[in-house]
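# Remarks on the overall topology
Here is how the chains run, residue by residue.
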Amino acid sequence: MPNGNPIDVVQLVSDSLHEINMTLASMLPSEPGFDDLEHKRDELELKLKRLVRGFFADNTRRFISADHQLVQVNERMRADLRSLQNMRDTIDAITNLIGAVDRFISTVFPLA
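Every value quoted in this text rests on a predicted model; they were computed, and no experiment measured them.

### Regarding the packing of helix 2 (residues 34-53) against helix 4 (residues 87-108)
- Relative orientation of the contacting elements helix 2 and helix 4 amounts to 15 degrees, with a least axis distance of 10 Å. Taken together, the axes of helix 2 and helix 4 lie roughly parallel to each other. Judged by the twist between their axes, the crossing of helix 2 over helix 4 is left-handed. Residues Asp-36, Leu-37, Lys-40, Glu-43, Leu-44, Lys-47, Arg-50 and Leu-51 of helix 2 form the contact with helix 4, whose participating residues are Met-87, Arg-88, Thr-90, Ile-91, Ile-94, Thr-95, Leu-97, Ile-98, Val-101, Asp-102, Phe-104 and Ile-105.
- In terms of residue class, the contact of helix 2 with helix 4 is built from 11 nonpolar, 2 polar and 7 charged.

Take a look at the structure:
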């Protein structure tokens, strides 16, 4: 679990992508929600690439706060992935994770 370490954040997002990929691998492409989940996976993958490209050494209070928010959203997304009872909840959780990663990137790498 991340603790203010940039590598941990990259690992957390990477682990989430792995779980999403494993979920997609267990589904038929014709199953409801497959296309939406695949699209969200692609969005999250783009965010991961942005984090890696902008690899950071900023261990400030901004980073730690954004990191904590990312952990909370990621935990909710993982719980939804495990149950897969409600694909819409899973996609919403991933959407929230993408938003949290976006906010994290904006906080840690503000535009000039």
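Okay, back to it.
### Some points on helix 2
- Over its 20 residues, helix 2 extends 29 Å from the first C-alpha to the last, a length consistent with the 28 Å expected when each residue adds 1.5 Å.
- What helix 2 keeps buried is the set Phe-34, Leu-37, Lys-40, Arg-41, Leu-44, Lys-47, Leu-48 and Leu-51. Considered in projection along helix 2, the buried side chains sweep an arc of 140 degrees and stay on one side of the axis. Exposed positions of helix 2 whose direction lies more than 90 degrees from the buried face are Asp-35, Leu-46 and Arg-53.
- The elements touched by buried residues of helix 2 are helix 1 (6-25) and helix 4.

What counts and how
- Residues numbered from 1 in each chain as written.
- Predicted model: local features only at pLDDT ≥ 70, side-chain atom pairs only at ≥ 80, totals over all residues.
- Heavy atoms only, no water.
- Axes fitted to C-alpha atoms, helices over the stretch in contact; angles between N-to-C directions.
- Helix = DSSP H or I, 4+ residues; strand = E, 2+ residues; numbered from the N terminus.
- Parallel < 35°, antiparallel > 145°, perpendicular 65-115°, else oblique.
- Left-handed = near helix turned anticlockwise from the far one by under 90°.
- Contact = heavy atoms within 4.5 Å.
- Nonpolar A, V, L, I, M, F, W, Y, C, P; charged D, E, K, R; others polar.
- Expected span 1.5 Å × (residues − 1).
- Buried < 20%, exposed > 50% of the residue type's maximum accessible area, 1.4 Å probe, protein only.
- Arc of directions from axis to C-beta.

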